[in-house]
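# Structural features, examined
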Amino acid sequence: MQMFSRAAALLAMLALTQLSMAPTAQAAKKKTDVKVSGQITEVGKDDHSITVSSGKNGPKKELKLNDKTLIDYVGIDNQDEKKLQKGYFVIAIMGDNNVVASLSVKKTAFSGKK
């Protein structure tokens, strides 16, 4: 009986260890974040949407923004230019409800080189 108790205790400790090592829902979600990149072809009247094209003849996608969308203007120091404009390039990370969670904006195309 004592051997059974030890085995049960070891199995319980193993199970607890495995549970504590499981990734959180938020960490798992970050691994599946959807990124959209391209050039802005249109800005909505209220600045709460943009249309992005990925290439000259590439598909266009409308992206929704809200007050919680974090916008980072990369390499744009002039305050008058820190607004969403046709021709700027973007990388968007989508959040909940198909709304952009964060948006990186640049005047020139993003390069894959470091």
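Provided above is the structure to which this section pertains.
I will try to describe carefully the structure that is included in this document. (Residues numbered from 1 in each chain as written. Predicted model: local features only at pLDDT ≥ 70, side-chain atom pairs only at ≥ 80, totals over all residues. Heavy atoms only, no water.)

On to the sheet that holds strand β2 (residues 49-53), then. The strands that make up a sheet pair up through hydrogen bonds in the backbone, lying either parallel or antiparallel. Ordered by their spatial adjacency, six strands build an open sheet running β3-β2-β1-β5-β6-β4, and the pairing between neighbours is mixed. In this open sheet, the two edge strands, each paired with only one partner strand, are β3 (60-64) and β4 (70-73). Going from strand to strand, the sheet's axes swing by 35 degrees on average, the running direction of each strand aside. Here strand β5 (residues 89-94) runs beside strand β6 (residues 100-106); their pairing, made up of six bridges, is antiparallel. Looking across to β6, one finds that Ile91 is bridged to Ser104. (Pairing = 2+ DSSP bridges. Helix = DSSP H or I, 4+ residues; strand = E, 2+ residues; numbered from the N terminus. Axes fitted to C-alpha atoms, helices over the stretch in contact; angles between N-to-C directions.)

Going residue by residue along β5, you find Val90, Ala92 and Met94 tucked away on one face and Phe89, Ile91 and Ile93 left uncovered on the opposite face. In terms of strand pairing, strand β1 (residues 35-43) meets β5 through five bridges, oriented antiparallel. By the bridge assignment for β5, Lys35 is matched with Ile93. Hairpin connection, β5 to β6: the antiparallel pair is bridged by five residues, and Asn97 has positive phi, about 55 degrees. (Buried < 20%, exposed > 50% of the residue type's maximum accessible area, 1.4 Å probe, protein only.)

Any functional reading would require information that these geometric values do not contain.
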